[in-house]
Amino acid sequence: MSEAHYARIAELYDTFVKTDYDVPFFIQEAQAAHDDVLELMAGTGRLTIPLIEAGISMTCLDFSAEMLAVLRRKLTERGLRAEIHQRNVCDFELGRQFTLIILPFQAFPELTDVEDQRRALQRIRHHLRPDGQFICTLHNPPVRLKYVDHQLRLAVREERADGGHLLVWLLQQHQPATQVVEVLEFFEEYNAEGVLVSKRYSALQFHLLEQARFEALITAAGLEVVALYGDYQKNPFIADTSPFMIWVLRPRAN
Ligand SMILES: C[S@@+](CC[C@H](N)C(=O)[O-])C[C@H]1O[C@@H](n2cnc3c(N)ncnc32)[C@H](O)[C@@H]1O
């Protein structure tokens, strides 16, 4: 269960996830919405903080108390604010609707159970204004699978302020019967003398969601496609080569 995974690694998350390739895309989309944005599975605010700094009013949802504690601390340190809800994306009710809902960083497939995916999309549809949009980002399965090599690999070597290092090792394994990828993550913290001071292990799973399967899910949830991009530069999706599926969706009129 990914809740336990994120509880275990929340304090390390920002040290090993520093990527920002999607930030300009989401700033552009959020500014075009002219409204506050609901960010689902927001985590420690990797994307939230730059969006707020760009002038966007944010409502954030995540089920991990530990990840949200890091987000709250970062907001306080920067004198920023966001509305934060500790909820499961599969059964949330916020009592209002949004012009833009985003689910970034290819996190939706961490819902590996199809029923959870259905429930989440229904809740999202329920929270969208009739003229609203939902942006959901997924990996493109054939391209993502190229990185699943069943080998233990050093993914991150990050120097820390005290001269020590954090090393993150990953072992990714694909289960073809379920189209689930399991990522075993090993975190090693070394002091400035190179002595191992802590080691922890955690596992995360995600579903390789095929285009046709996701289309069926969104249709069942009463959503329809506005655009499908293959990357964060908004190039059209190409099935064999695009790294991502970036879905821009809207409620289907009945
Ligand atoms: C890969 S992290 C992404 C965090 C952040 N969006 C980012 O871009 O760095 C996935 C996040 O989804 C959250 N999450 C996973 N399953 C969830 C669920 N069912 N309901 C709410 N949050 C969930 C985790 O707690 C975690 O913070």
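Residues numbered from 1 in each chain as written. Predicted model: local features only at pLDDT ≥ 70, side-chain atom pairs only at ≥ 80, totals over all residues. Heavy atoms only, no water.

### Description of the packing of helix H5 (residues 114-126) against helix H7 (residues 211-220)
As a packed pair, H5 and H7 sit with axes 9 Å apart at the nearest point and diverge in direction by 45°. As judged from the angle between their axes, H5 and H7 are oblique. At the point where H5 passes H7, the crossing takes the right-handed sense. Packed against H5, whose contacting residues are Val 114, Gln 117, Arg 118 and Leu 121, the element H7 presents Arg 213, Phe 214, Leu 217 and Ile 218 at the interface. Partitioning the contact of H5 with H7 into residue classes produces 5 nonpolar, 1 polar and 2 charged. (Axes fitted to C-alpha atoms, helices over the stretch in contact; angles between N-to-C directions. Helix = DSSP H or I, 4+ residues; strand = E, 2+ residues; numbered from the N terminus. Parallel < 35°, antiparallel > 145°, perpendicular 65-115°, else oblique. Left-handed = near helix turned anticlockwise from the far one by under 90°. Contact = heavy atoms within 4.5 Å. Nonpolar A, V, L, I, M, F, W, Y, C, P; charged D, E, K, R; others polar.)

### Here's the deal with the site of the ligand
As a structural note, the neighbourhood of the ligand is formed by 17 residues, with Tyr 13, Met 41, Asp 62, Asn 88 and Val 89 the closest of them. The side chain of Arg 46 places a nitrogen or oxygen atom 2.9 Å from an oxygen atom of the ligand. Taking 590 Å² as the accessible area of the ligand by itself, protein coverage stands at 97%. In the shell around the ligand, the residues fall into 9 nonpolar, 4 polar and 4 charged. (Near = heavy atom within 4 Å. Polar contact = N/O pair within 3.5 Å; in protein donor to acceptor, adjacent residues only side chain to side chain. Areas by Shrake-Rupley, 256 points an atom, 1.4 Å probe, with all protein chains shown as cover.)

### Examining the packing of aromatic side chains
Scanning the model with the defined rule gives 13 aromatic pairs in all. When the ring of Phe 108 is compared with that of Phe 214, the centres are 5.7 Å apart and the planes differ by 75°; the resulting orientation is edge-to-face. Taken together, the residues span a long stretch of sequence, with Phe 108 in the loop between strand S4 (98-103) and H5 and Phe 214 in helix H7 at a distance of 106 residues. Exposure class is identical for Phe 108 and Phe 214. Each is buried. Through successive ring pairs, a cluster of aromatic residues spans Tyr 21, Phe 25, Phe 26, Phe 105, Tyr 229, Tyr 232 and Phe 244. Arg 46 extends its terminal NZ or CZ atom over the ring of Phe 105, reaching a point 4.0 Å from the ring centre. (Phe/Tyr/Trp six-rings, centres within 6.5 Å; stacked < 30°, edge-to-face > 60°. Buried < 20%, exposed > 50% of the residue type's maximum accessible area, 1.4 Å probe, protein only. Lys NZ or Arg CZ within 6 Å of the ring centre and 35° of its normal.)

### Side note on the domain arrangement of the protein
Here the protein is partitioned into domain 1 (2-140 + 208-251) and domain 2 (143-207). Centre-to-centre separation of domain 1 and domain 2, based on C-alpha positions: 23 Å. With 24 residues of domain 1 in contact, the opposing surface of domain 2 contributes 24 residues. At the boundary of domain 1 and domain 2, one finds 1 salt bridge. (Domains from an automatic or database assignment. Salt bridge = Lys/Arg side-chain N within 4 Å of Asp/Glu carboxyl O.)

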